[in-house]
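Results of the structural survey
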Amino acid sequence: DGPAAAYEPSMTTLGQLQVEIPGRKEGDPVMTADEYQKANQIYFERCAGCHGVLRKGATGKPLTTDITRENGFEYLRDFINYGSPAGMPNWGTSGDMTEEEVHMMARYILLDPAAPPEFGMPEMRESWNLIVAPEDRPKEKMNDIDIDNLMSVTLRDSGQIALIDGATYEIHGIIDTGYAVHISRISASGRYLFVIGRDALVNMIDLWMETPATVAQIKVGSEARSIETSKFEGYEDKYAIAGSYWPPQYVIMDGDTLEPLKIKSTRGMIYDEQTFHPEPRVAAIVASHYKPEFIVNVKETGKILMVDYSDIKNLKVTEIEAERFLHDGGFDSSKRYFLTAANARGKVAVIDTKESALTAILETDGETPHPGRGANLNHPTFGPVWATSHLGDETVALIGTDPEGHPDQAWKVVQQLYALGGGSLFVKSHPDSNHLYVDAPLNPDAETSGSIAVFKVDELTAEEPEYITLPIVEWAEIAEGQPRVVQGEFNKEGTEIWFSVWNAKDLESAIVVVDDKTLELKHVIKDERLITPTGKFNVYNTRSDVY
Ligand code: DHE
């Protein structure tokens, strides 16, 4: 009556949905149903983002059983435990997973993945909760918060966001959200804040209320990462759109209520091979400033969809062939061009949002570009450039973005910088700043993942520009754990940049504020409610695409 006997196919959960455990095959490792359920939950929370629900791979390598069984249990266990410099986190040695969990996950990925169910209009409508109807909301702003300088901060492991004042550092409120909120986006007017959890729960928060609170909620699937709102003139605050990883689809919703209006599946053919992909996940979504269009990045099929929201009953979608494994990206400083990283292909695709067409695809000369929204700099030699760092190495690519003023440099890597090390996720600058900030949160070395590299823009003329290291974790005076420093975000004025000091859930975390002119420590925000802070989104910079 050992564990093998205890393993029986039964129902488990993926996010909050019931899925069936696939049957055990000859030679499969032994897992109890309870272990499978736990492992499935951990896989959903920690692994599916990179490797996919069906484990077909994207940012992370494919983990289908033909591959995992070839690698074998010990290899997998060690890989999960120690991570790799190419971006796989060191789940065991960082303390994020216990030894038993590492062991369990290695056995779990030797088994076939569980396929979760679909999520269509009946499920969405069922989950939709209009908490405060538009007519019952305030007619004017009811608080004295400087909304444009508010920071929405993801509290990853507590399933919340914190609203922190960009000037006084006061926490105006903590709001319950979905699991591990991924990003915050703001309506064009600046009134509504939208956040989306990894469990695909969307919260719409009214910042005009005396105490900002959620006025509508909806679940758009079982796994998601992206949300955006309509920004084109005449459509301000009219629509919201959310993209999901599972099921692979996006949904357009009413911008006042989150009522789901139109769901579009992204399943279909890979752009080049034209073979079917069952799980083309929706990655970054941005709203065009030139047209009533959402720009939807579909990861596995390598397509960028220009979704025209001017008539959603007769939806027009322009499908642009780009490159596989599209992940994240942002606008150039003119906001006409959108640059998006096809990370596992080492490329960046450039879309002209005025023409709804592909402008260029270029190699970034580094391993696995990961820009976040990127950073726009005015380079002393090459004019306007957009920067991305890399997950897999220490390089930062500066790409020319000025086809009129600097045609020879446009859409080419004009300079490569060398920052702290591999494991970088985000770069940041501001139109008024002379600095480019580069993090390295996934670097296995604690000192590296606890620091930020800063390049001076006016010194980029040097052959090999040097960086200054900011010891952010040291400044935060956090003794316990191996906190990672992640994602810089500027205040509205562009005078201060905030970094998250992201520690384990049960340990102290912090936000470190740096003076952009002097690069000196300005302030450390600590509060017992700040559990695992990661992404930070300044209302003004986010709604206006300033980065
Ligand atoms: Fe992110 C942006 C997906 C892991 C923090 N992340 C994005 C976007 C996508 C994405 C598609 C772009 C959204 C957009 O612009 O519409 N992220 C994924 C994953 O699939 C991945 C690799 C694995 C996972 O399991 O989710 C992943 N991301 C992380 C983290 O572990 C991070 C560091 C911490 C956290 O909070 O979970 C993290 N991702 C962020 C942040 C942004 C982001 C802060 C927004 C950056 C910005 O400046 O816009």
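Scope of this entry: the structure provided in the associated data block. Since this is a predicted model, take the numbers as computed values, not measurements. (Residues numbered from 1 in each chain as written. Predicted model: local features only at pLDDT ≥ 70, side-chain atom pairs only at ≥ 80, totals over all residues. Heavy atoms only, no water.)

1. A word on the environment of Ala342
You can see Ala342 is positioned in strand S22 (residues 337-342). When the C-alpha positions of Ala342 and Arg324 are compared, they lie 5.9 Å apart, and in sequence the two are 18 residues distant. (Helix = DSSP H or I, 4+ residues; strand = E, 2+ residues; numbered from the N terminus.)

2. Some points on the site of the ligand
In the vicinity of the ligand there are 22 residues, among which His182, Arg225, Tyr245, Arg373 and Thr534 approach most closely. Arg198 is positioned such that a nitrogen or oxygen atom in its side chain is 2.8 Å from an oxygen atom of the ligand. Here an oxygen atom of the ligand and a side-chain polar atom of Thr534 are 2.6 Å apart. Per-class residue counts for the shell around the ligand are 10 nonpolar, 7 polar and 5 charged. (Near = heavy atom within 4 Å. Polar contact = N/O pair within 3.5 Å; in protein donor to acceptor, adjacent residues only side chain to side chain. Nonpolar A, V, L, I, M, F, W, Y, C, P; charged D, E, K, R; others polar.)

3. Some thoughts on the coordination of the iron atom of the ligand
You will see that the iron atom of the ligand has only one donor from the protein, His182 (NE2), lying 2.0 Å away. Structurally, His182 is set in the loop between strand S6 (171-176) and strand S7 (183-186). (Donors = N, O, S within 2.8 Å, 3.2 Å for Na, K, Ca; no water.)

4. Quick notes on unusual backbone geometry
Between Trp246 and the following residue, Pro247, the backbone shows a cis peptide bond with an omega angle of -15 degrees. Inspection of the secondary structure assignment puts Pro247 in the loop between strand S12 (239-246) and strand S13 (249-254). One non-glycine residue, Ala180, lies in the positive phi region at around 45 degrees. Even without a glycine there, the phi angle at Ala200 is positive, about 70 degrees. Structurally, the position occupied by Ala200 is in the loop between strand S8 (192-196) and strand S9 (201-206).

5. Topic: the pattern of salt bridges
Inspection of every chain in the model, using the stated rule, returns 23 salt bridges. In this structure, the salt-bridge partner of Glu223 is Arg225, at a minimum N-O distance of 2.9 Å. Here Glu223 matches Arg225 in class, with each residue buried. A salt bridge links Glu508 to Lys526; the nearest nitrogen and oxygen atoms lie 3.4 Å apart. Of this pair, Glu508 sits in the loop between strand S34 (496-502) and strand S35 (510-515) while Lys526 sits in the loop between strand S36 (521-525) and strand S37 (533-538), and the two are 18 residues apart along the sequence. A relative accessible area of 41% means that Glu508 is categorised as partly exposed. (Salt bridge = Lys/Arg side-chain N within 4 Å of Asp/Glu carboxyl O. Buried < 20%, exposed > 50% of the residue type's maximum accessible area, 1.4 Å probe, protein only.)

6. Considerations on the pairing of S7
Residues Ile183 and Arg185 of S7 are buried on one face, and the alternating residues Ser184 and Ile186, pointing to the opposite face, are buried as well. Judged from the 4 bridges that link them, S7 and S8 form a sheet pairing that is antiparallel. What sits directly across from Ser184, in S8, is Val195. Linking S7 to S8, which pair antiparallel, is a turn of 5 residues; within it Gly190 sits at a positive phi near 90 degrees. (Pairing = 2+ DSSP bridges.)

7. A few points about the packing of aromatic side chains
Per the stated rule, a full pass over the model turns up 13 aromatic pairs. Taking 5.7 Å as the distance between ring centres and 70 degrees as the angle between the ring planes, the aromatic pair formed by Phe455 and Tyr467 counts as edge-to-face. Of the two residues, Phe455 is situated in strand S31 (residues 452-456) and Tyr467 in the loop between S31 and strand S32 (468-470); the sequence distance between them amounts to 12 residues. Residue Phe455 is classed as buried on the basis of its relative accessible area, which comes to 1%. Cluster of aromatic residues (ring-pair linked, three or more members): Phe232, Tyr235, Tyr239, Phe294 and Tyr309. Just above the ring of Tyr43 sits the side chain of Arg55; from NZ or CZ to the centre is 5.4 Å. Residue placement shows Arg267 over the ring face of Trp246; its charged tip is 5.6 Å from the ring centre. (Phe/Tyr/Trp six-rings, centres within 6.5 Å; stacked < 30°, edge-to-face > 60°. Lys NZ or Arg CZ within 6 Å of the ring centre and 35° of its normal.)

8. Overview of the sheet that holds strand S20 (residues 316-321)
The sheet built from 4 strands is open, its strands ordered S17-S18-S19-S20 with antiparallel pairing. Of all the strands in the sheet, the pair left with one neighbour each is strand S17 (282-287) and S20. Within the sheet, the average angular offset between the axes of one strand and its neighbour, ignoring direction, is 20 degrees. In this structure, strand S18 (residues 293-298) lies alongside strand S19 (residues 303-308), joined through 6 bridges in antiparallel fashion. Among the inter-strand pairings, Ile295 is bridged to a residue of S19, identified as Met306. (Axes fitted to C-alpha atoms, helices over the stretch in contact; angles between N-to-C directions.)

9. Concerning the sheet that holds strand S3 (residues 129-130)
Read across the open sheet, the 5 strands follow the order S3-S10-S9-S8-S7; overall the sheet is antiparallel. Two strands close off the open sheet at either side, each with one partner strand: S3 and S7. As defined by bridge partners, S9 adjoins strand S10 (residues 213-219) across 6 bridges and the pair is classed as antiparallel. The partner of Asp206 across the bridge, within S10, is Ala213.

10. A closer look at the nonpolar core
In terms of nonpolar packing, the biggest core is built from 25 residues, with Met31, Tyr43, Ile80, Met97, Met105, Tyr108 and Ile109 touching the most fellow members. At the level of secondary structure, the elements contributing two or more residues to this core comprise helix H2 (33-51), helix H4 (73-82) and helix H5 (99-108). The dominant element in this core, judged by the number of residues it contributes, is H2, at 6 residues. Not counting residues up to four positions away in its chain, the partners in contact with Ile109 are Tyr43, Arg55, Leu63, Thr65, Thr68, Leu76 and Ile80. Counting residues in hydrophobic clusters, the runner-up holds 23 residues, among them Phe119, Tyr192, Met253 and Phe537. (Core = buried A, V, L, I, M, F, W, Y, C linked by side-chain atoms within 4.5 Å. Contact = heavy atoms within 4.5 Å.)

11. Describing the pairing of strand S14 (residues 260-265)
Here 5 bridges tie S13 to S14, and the two strands are oriented antiparallel to one another. From the neighbouring strand, Tyr250 faces S14, where its bridge partner is Lys264.

12. A short note on the layout of surface pockets
Over the atoms rolls a probe the size of a water molecule, and in doing so it shows where empty space is left. Estimates place the volume of the second largest pocket at around 230 Å³. Around the second largest pocket, the lining is made up of 16 residues, and of these Ser333, Asn376, Leu377, His430 and Pro431 lie nearest the centre. Counting residues per element, the lining of the second largest pocket draws most heavily on strand S25 (residues 375-379), which supplies 3 residues. For the lining of the second largest pocket, the residue count by class is 7 nonpolar, 6 polar and 3 charged. (1 Å grid on protein atoms, 1.4 Å probe; cavity = no way out; pocket = protein on both sides within 12 Å on 5 of 7 lines; lining within 4 Å. Points joined across faces, edges and corners; volume = space filled by probe spheres on them.)

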